[in-house]
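Each chain, written out:
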Amino acid sequence: MTTTTPGAAEAELAIGGMTCASCAARIEKKLNRMDGVEATVNYATEKAKVTYREDVTVADLIATVEATGYTAQEAQPEPVSTSESASGAGSAREEGVELRPLRQRLTAAVVLTVPVIAMAMVPALQFEYWQWLSLTLAAPVVTYAAWPFHKAAWTNAKHGAATMDTLISVGTSAAFLWSLWALFFGTAGTPGMTHPFEFTIARTDGAGNIYLEAAAGVTAFILAGRYFEARSKRKAGAALKALLELGAKDVTVLRDGREELIAVGELKVGDRFLVRPGEKIATDGVVVEGSSAVDASMLTGESAPVEVGTGDSVTGATLNAGGRLVVEATRVGADTQLARMAKLVEDAQNGKAAAQRLADKISAVFVPIVIALALGTLGFWLGNGAGLTAAFTAAVAVLIIACPCALGLATPTALMVGTGRGAQLGILIKGPEVLETTRKADTIVLDKTGTVTTGKMTLLAVHTAEGTDEAEVLRLAGALEHSSEHPIAQAVASGAAARIGTLPAPEDFANIPGLGVQGIVDGHAVLVGREQLLAEWAITLPVELQRAKAEAEAKGRTAIAVAWDGEARAVLEVADAIKETSPEAIKRLRALGLTPILLTGDNKAVAEAVAAEVGIAPEHVIAEVMPQDKVDVIKRLQSEGRSVAMVGDGVNDAAALAQADLGLAMGTGTDAAIEAGDLTLVRGDLRIAADAIRLSRKTLATIKSNLFWAFAYNVAALPLAAAGLLNPMIAGAAMAFSSVFVVGNSLRLRGFQPADR
């Protein structure tokens, strides 16, 4: 619990027992009715974020939630540093405990339902006592497997609400109970009874009709949808886990002149610890000894490594890319920048408006109407002297035909086919809630580093002085830089090796901290680094190289001077290279009605140069932003009435991806970004983002058409049922045809093709 403003406090509650988005809406509504309370409830994360006055207690909040029919307790914060193996095992155990009962119910339902449906739909399988075997198999499905629906329906009923659970429970119960009556008190239990294919419309008393296949089939279909939804939902907190796992696990502290390896969690403010080249910095601190280049791109988004020395601040989880450092810890645990970023991600996720499923919206209106119509049908036929049996048959027929068999398939089949096709194309869609946002999105924010650009330093150009051979420059400079661990040096070495092949070995190599490197290569005294390094040897750049250096820096690139034998020979340009596909991707995103905005932690000159190259207007460039500022930028755009999509790949993007209406994470990036995103793009090609949005929109359109036809068949048959004219085989055939139609409509998504095919 944290105090927010004078007289107000903030708490986070873990909510249990929610079965659909309307449950979250109901809890939120009840909490907001309390005086001095403002609450948002997130169905995906199963948490409520509540701001309340001093005269309200957490116990009062929990009591309100429990009075609404759900469980609540104060949420426990995630540990900031944990063992990787323990965390993974704990997560697996937690997932297993929650999903196991649902998986067991689904398995039982599928195994028992298949023969029930087969016997009901294939007359050749209807042996002498088939209806009694159907009852034996269907009973556990309607009672044990469907228990979560019945329980939720009862909870809803106590609070005067109706959802999909109500419709499923009432429909399956009505079908099952009527089948029991027909078997024990009607003529359906007669040995040799069959369900022939008779497509006649005639009034019947229903004594010979059983609907066990409808009761069991609906239960199995919808349980399957719930199971896959629950599996997806369990990953909601994975962004936080991925962020917290990013940090170092162990750290070498210096105590009494000795090196001692301890867990990061034992580190205290004031401790001095050692960071060797290639190791992660354990926590936020200040360098007290040594100098190095620190790769902070995953946290800050800045592509170029940062030079640090004595007195400079460093951030936990960043990578020491150069020399040996001794750092004094200034912040540990929950106070570190990494932990604060994890909190940003959690706040952004909890602050998202819960996605209300379309089926639940329709059910909220459809269910009460159907129940009222069934009661009206019963009353009408009783009042007209049709007899109790005929009246009850007509009323139950209304409930049975309204029970949405195809509705159980509408979302899962389209989502399964759409996500399957997406996976083939390198697009991972997390769930149905994501799809609605893709339709509404009108602005797309693009992280620069690793998204529009490659995310790693690359040798882009070589400018030589008059009379100097480019291959010779690359051979000598590349040989010297190959011995350095600095990321910029490695970019030069890699670029040189790619262009000319094997590099010679240098002699008398020396690294000059913050300036560059020097050494002997093939008998030449070579200098590679900043212009200041050359100046210390009284070497100046000729006019043409000075001009090349100025132009490179104006584009936001790093300019490296090369000299040997007392003379300046070349200037090398190194930068984070733009991906070849990025300009085409920007065009495709615009064609989808999206306004691209470039967002980066890099300086303005770099950002504007990249934007110009890919076709983004200068006014749509936002540069030099820290992670928390990225979240603020997304919020500001949303406050302007925009529906914001964001593409990113780094830890620094995770909170912004969670805050955005639609987060697209590059699969080549970090786990934290991938888990915070709604769509994951497996390949690092920005064109896939446009394909992902197109596929998501098409999948959503398919789901909506499925839902329409699933209800249309039910609604069209309701008048026949209310009139007492519904033949059970017509009802079964209509239900089967609607299901086949929904599946066939969903399968059309398999033909989706990327724009470049």
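Residues numbered from 1 in each chain as written. Predicted model: local features only at pLDDT ≥ 70, side-chain atom pairs only at ≥ 80, totals over all residues. Heavy atoms only, no water.

A few words on the sheet that holds strand β10 (residues 292-295). Overall, antiparallel pairing links the 3 strands, which are arranged β11-β10-β13 in an open sheet. Either end of the sheet is taken by a strand with one partner, and the two such strands are β11 (306-308) and β13 (319-320). (Pairing = 2+ DSSP bridges. Helix = DSSP H or I, 4+ residues; strand = E, 2+ residues; numbered from the N terminus.)

Per the counting criterion, the structure on display carries 24 salt bridges. Across the pair Arg557 and Glu573 runs a salt bridge, and its minimum N-O distance is 2.7 Å. Of this pair, Arg557 sits in the loop between α19 (543-554) and β21 (558-564) while Glu573 sits in strand β22 (residues 567-578); the two residues are 16 residues apart in sequence, bridging distant segments of the chain. A residue is classified by how much of its surface remains accessible, and Arg557, at 22% relative accessible area, is partly exposed. A relative accessible area of 4% means that Glu573 is categorised as buried. Arg588 is paired through a salt bridge with Glu584; the nearest N and O atoms lie 3.1 Å apart. One end of the pair, Arg588, and the other, Glu584, are both in helix α20 (residues 582-591), 4 residues apart, so they sit about a helical turn from each other. A single network of salt bridges, built from pairs that share partners, joins Arg255, Glu260 and Asp271. (Salt bridge = Lys/Arg side-chain N within 4 Å of Asp/Glu carboxyl O. Buried < 20%, exposed > 50% of the residue type's maximum accessible area, 1.4 Å probe, protein only.)

A separate point is the confidence of the model for the chain. Should the pLDDT be low somewhere, the predicted coordinates at that spot are not to be read in detail. For the chain, mean pLDDT is 80; residues scoring 70 or higher make up 80% of the total. Confidence drops under a pLDDT of 50 for residues 1-5, and excluding neighbours within four residues, the segment shows 11 contacts in the predicted structure. This model gives residues 197-202 a pLDDT under 50, and the stretch forms 16 contacts once residues within four places in sequence are excluded. (pLDDT = per-residue confidence, 0-100. Contact = heavy atoms within 4.5 Å.)

Right, let's get into the environment of Ala296. Note on placement: Ala296 falls in the loop between β10 and α9 (297-300). You can call Ala296 buried: its relative accessible area is 13%. Here the alpha-carbon distance between Ala296 and Ala317, two residues 21 residues apart in the chain, equals 8.3 Å.

So, on to the packing of α20 against helix α25 (residues 687-722). It is the contact of α20 with α25, at a shortest axis distance of 7 Å, that shows an interaxial angle of 25°. Between α20 and α25, the crossing angle belongs to the class labelled roughly parallel. Pair α20 / α25 crosses with left-handed handedness. Contacts between α20 and α25 involve Glu584, Ala585, Arg588 and Leu589 from the first element and Arg687, Ala689, Ala690, Asp691 and Ile693 from the second. Here the contact of α20 with α25 is built from residues that sort into 5 nonpolar, no polar and 4 charged. (Axes fitted to C-alpha atoms, helices over the stretch in contact; angles between N-to-C directions. Parallel < 35°, antiparallel > 145°, perpendicular 65-115°, else oblique. Left-handed = near helix turned anticlockwise from the far one by under 90°. Nonpolar A, V, L, I, M, F, W, Y, C, P; charged D, E, K, R; others polar.)

For the rest of this paragraph, the subject is helix α2 (residues 58-67). Those residues of α2 that sit buried are Val58, Leu61, Ile62, Thr64 and Val65. Angularly, the buried residues of α2 cover 160° about the axis, an arc narrow enough to put them on a single face. With respect to the buried face of α2, the exposed residues turned more than 90 degrees away are Ala59 and Ala67. (Arc of directions from axis to C-beta.)

Once that is clear, we can look at the pairing of strand β8 (residues 272-275). Alignment of strand β6 (residues 250-255) against β8, held across 2 bridges, turns out to be antiparallel. Note on β8: the bridge partner recorded for Thr252 is Leu274. Relative to strand β14 (residues 325-331), β8 runs antiparallel, the two being bridged by 4 bridges. Pairing of Arg272 across the sheet is with Glu328, part of β14.

Bringing the packing of aromatic side chains into the picture now. All told, the structure shown has 3 aromatic pairs when counted by the stated rule. Residues Phe380 and Trp381 carry aromatic rings whose centres are separated by 5.2 Å and whose planes lie at 80° to one another, so their mutual orientation is edge-to-face. Its relative accessible area of 47% is what places Phe380 among the partly exposed residues. (Phe/Tyr/Trp six-rings, centres within 6.5 Å; stacked < 30°, edge-to-face > 60°.)

Our next topic: unusual backbone geometry. A negative phi holds for most residues other than glycine; trans holds for most peptide bonds. Of note in this structure, Asp522 is not a glycine but carries a positive phi near 50°. In this fold, Asp522 is placed in the loop between β19 (516-521) and β20 (524-529). Positioned with a positive phi, Glu624 is a non-glycine residue whose angle comes to about 55°. Structurally, the position occupied by Glu624 is in the loop between β24 (621-622) and α22 (627-639). With a relative accessible area of 54%, Glu624 lands in the exposed category.

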